[in-house]
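Each chain, written out:
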Amino acid sequence: MRVVILISGRGSNMRALLESDLASSASVEFVCVISNKADAAGLQIAAAHGVPTEVLEHRAFPDRASFDMALAARIDAYQADVVILAGFMRVLTEVFVRHYENRLINVHPALLPAFPGLDTHARAIAAGVKLHGCTVHFVTPEVDAGPIIAQAAVPVLADDTPQSLAARVLRQEHRIFPLVVGWLARGWVKVRANGTVALIQDRSIDADAALISPSAPSAN
Ligand code: GAR
């Protein structure tokens, strides 16, 4: 499975993918990392892993449509089967998204459909939720709304700051993103007609597994 990763900054999710065993275990080939920002720190990490990098500055284009068209041309030059948004902080046009229907995935730092958009960790703390987390989903034209493939939940602690909560969530992003890419490579992920995801995998799910928060001793 040929994969192109799109980034805008730090690239820690990209790093988790490049440092996973996906190349050997699932025949995943990371063929290029493309950033819309020349100073994205992730570009150095990708190069250090021997992955070709490209910069396509969105500022060089007059509008969203022309940038997305140029981006798709670069991606398609690598004959990508799957495109991964790993902290790619751009809203994509419907034309672009449709072109990669069911081949374009994103990680979002919240348990969608809760907290789409920005500042998810501060908003989760302000809302008083006891569980927060991250979602890997297929991208559809509506922002942060596509078919959900996998989620990881973490507790929200009483003394959390947006930064401490973000760090806890990020550790789980780094776990579920490679997992999902492996499932895609094995053909285990199917999108149903109703827009939800069915996982065809040879392992059972523990129906009683739960992360309870707060987990303080109870009277019972
Ligand atoms: C990650 O937390 C990712 O979930 C978030 O940006 C961060 C990128 O970090 N993405 C979004 O908010 C997209 N809606 P990284 O560059 O270290 O992977």
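Each remark here, short or long, concerns the structure printed above.
Attention in this report is confined to the structure presented alongside it. Everything quoted here is computed from the prediction, not taken from an experiment.

1. Remarks on the packing of helix α6 (residues 120-127) against helix α7 (residues 162-185)
Then, in step 1: Contact geometry of α6 with α7 gives a least axis separation of 9 Å together with a crossing angle of 110°. The orientation of α6 relative to α7 falls into the category roughly perpendicular. Crossing of α6 over α7 shows right-handed handedness. Packed against α6, whose contacting residues are His121, Ala122, Ala124 and Ile125, the element α7 presents Pro162, Leu165, Ala166 and Val169 at the interface.
Then, in step 2: Along the lines of polarity and charge, the residues of the contact of α6 with α7 split into seven nonpolar, one polar and no charged.

2. A closer look at the nonpolar core
Then, in step 1: Within the largest apolar cluster, 43 residues are counted, with the highest numbers of intra-cluster contacts made by Ile5, Met14, Ile84, Ile105 and Ile149.
Then, in step 2: With eight residues, the top contributor of residues to this core is α7.
Then, in step 3: Setting aside residues up to four positions removed in sequence, Ile105 forms contacts with Val83, Ile84, Leu85, Val136, His137, Phe138, Val139, Ile149, Phe177, Val180, Val181 and Leu184.
Then, in step 4: Residues Leu6, Ala70, Leu71 and Tyr78 belong to the second largest nonpolar core, which totals 22 residues.

Cut-offs and rules
- Residues numbered from 1 in each chain as written.
- Predicted model: local features only at pLDDT ≥ 70, side-chain atom pairs only at ≥ 80, totals over all residues.
- Heavy atoms only, no water.
- Axes fitted to C-alpha atoms, helices over the stretch in contact; angles between N-to-C directions.
- Helix = DSSP H or I, 4+ residues; strand = E, 2+ residues; numbered from the N terminus.
- Parallel < 35°, antiparallel > 145°, perpendicular 65-115°, else oblique.
- Left-handed = near helix turned anticlockwise from the far one by under 90°.
- Contact = heavy atoms within 4.5 Å.
- Nonpolar A, V, L, I, M, F, W, Y, C, P; charged D, E, K, R; others polar.
- Core = buried A, V, L, I, M, F, W, Y, C linked by side-chain atoms within 4.5 Å.
- Buried < 20%, exposed > 50% of the residue type's maximum accessible area, 1.4 Å probe, protein only.

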